[in-house]
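Close look at the chain arrangement
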Amino acid sequence: MTIQISIDGKQITTTAGKTLVDVAAENGIYIPTLCYVKNKTCLGTCRVCSVKVSGNVMSACTVAVSDGMKVEVDEPEVSDMRKALVECLFTEGNHNCPSCEKSGRCELQAVGYEVGMVVSRFPYRFPVRERNHTSGKIWLERDRCILCLRCVEFIHDAESGKKIFSLSKRGAKARIEIDTELVESMSAGQVKVAANLCPVGCIIEKGHGFNEPIGQRKYEKKSIRERAVAKNNNE
Ligand code: SF4
Ligand code: SF4
């Protein structure tokens, strides 16, 4: 069913039931995301896509558009909320971008630039997190994990369909685990998919650290904002 919504005052004609974050992107309006993957089940773990819908704060990846919906993205209070969430993610882990293999290709870093983050308003926790180097294929750098759960929900063993990544413990002790046997049976292509799916530098392909030169890295060639909008316009 064709409907009308407004985003930041712009009148948009779209189809009922589509995901708000996609409708925005299709119409050239960028809403930052970190856990969301287009055409996959919404995880709703990061909340970085928070916007106001009829005055209430909601995560745009969880909202299906309906007729008459009034959405605010570029609004001071909710813009600052998104920025605060991103700042929080930086302080919850240990992020040293200049020495990180994912730098220039990292969604958290790219979103940090988009929301105008310079420094976090929150105290840095400097958590002690054990790395997992046991696999011959994947290096799990838990310092950088934002617990988006993309790996847990979207990466499965090709034969058995079993999950390769899982979440253990709770709260501040929550961490990602890998099934060491299943990881060893992953093809090089699957490892690459997992590493690319991780929005930060937590899942790293062993032996493929700093392959792309500075200036040629993903978000240096085209910003995450430009990519999000272009991707939805089939560019
Ligand atoms: S994961 Fe991203 S934000 Fe964290 S250190 Fe690496 S580049 Fe920086
Ligand atoms: S390892 Fe990467 S994909 Fe998995 S939960 Fe952590 S940040 Fe998300």
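Structural data are supplied above this passage.
All values reported here derive from a predicted model rather than from experimental measurement. (Residues numbered from 1 in each chain as written. Chains lettered and ligands numbered in written order. Predicted model: local features only at pLDDT ≥ 70, side-chain atom pairs only at ≥ 80, totals over all residues.)

**Some points on the overall build of the chain**
The number of helices and strands found in the chain is eight helices and nine strands. A principal-axis box enclosing the C-alpha atoms of the chain has dimensions of 55 × 40 × 40 Å. A total of 235 residues make up the chain; the buried ones form 32% of that total. (Helix = DSSP H or I, 4+ residues; strand = E, 2+ residues; numbered from the N terminus. Buried ≥ 20, exposed ≤ 12 C-beta atoms within 10 Å, placed from the backbone.)

**A few points about helix H2 (residues 76–92)**
Along its 17 residues, H2 runs 24 Å from first to last C-alpha, staying within 8% of the 24 Å computed at 1.5 Å per residue. Within H2, the full set of buried residues consists of Arg82, Lys83, Val86 and Leu89. Viewed end-on, H2 has its buried residues packed into an arc of 115°, placing them on one side of the element. Of the exposed residues in H2, the ones pointing more than 90 degrees away from its buried face are Pro76 and Glu77. (Expected span 1.5 Å × (residues − 1). Arc of directions from axis to C-beta.)

**Examining the site of ligand 1**
Residues in close proximity to ligand 1 include His95, Asn96, Cys97, Cys100, Lys102, Ser103, Cys106, Leu108, Gln109, Arg144, Val200 and Gly201, which together make up its full environment. Class assignment of the residues belonging to the shell around ligand 1 gives a composition of five nonpolar, five polar and two charged. (Near = placed C-beta within 6 Å. Nonpolar A, V, L, I, M, F, W, Y, C, P; charged D, E, K, R; others polar.)

**Re the sheet that holds strand E2 (residues 10–15)**
If you trace the five strands from one edge of the open sheet to the other, you get E2-E1-E5-E3-E4, paired in mixed fashion. For this open sheet the edge positions go to E2 and strand E4 (56–59), each flanked by a neighbour on one side alone. Each adjacent strand pair in this sheet contributes to an overall mean axis angle of 35°, direction not counted. The sheet contact formed by strand E1 (residues 2–7) and E2 spans six bridges and is antiparallel. (Pairing = 2+ DSSP bridges. Axes fitted to C-alpha atoms, helices over the stretch in contact; angles between N-to-C directions.)

**Points about the environment of leucine 140**
Turning to its location among the elements, leucine 140 is positioned in strand E6 (residues 138–140). Residue leucine 140 is classed as buried on the basis of its 25 C-beta neighbours within 10 Å. Sequence separation between leucine 140 and phenylalanine 210 is 70 residues, and the spatial gap between their C-alpha atoms is 16 Å. Contact partners of leucine 140, with chain neighbours within four places excluded, come to Arg131, Asn132, Ile176, Ile178, Cys202 and Ile203. (Contact = placed C-beta atoms within 7 Å.)

**Observations regarding the pairing of E4**
As paired elements, strand E3 (residues 50–53) and E4 share four bridges and run antiparallel to each other. Counterpart to lysine 52 in the pairing with E4 is valine 57. If you look at the hairpin formed by E3 and E4, you'll find two residues sitting between the two strands, and serine 54 has a positive phi there, around 50°.

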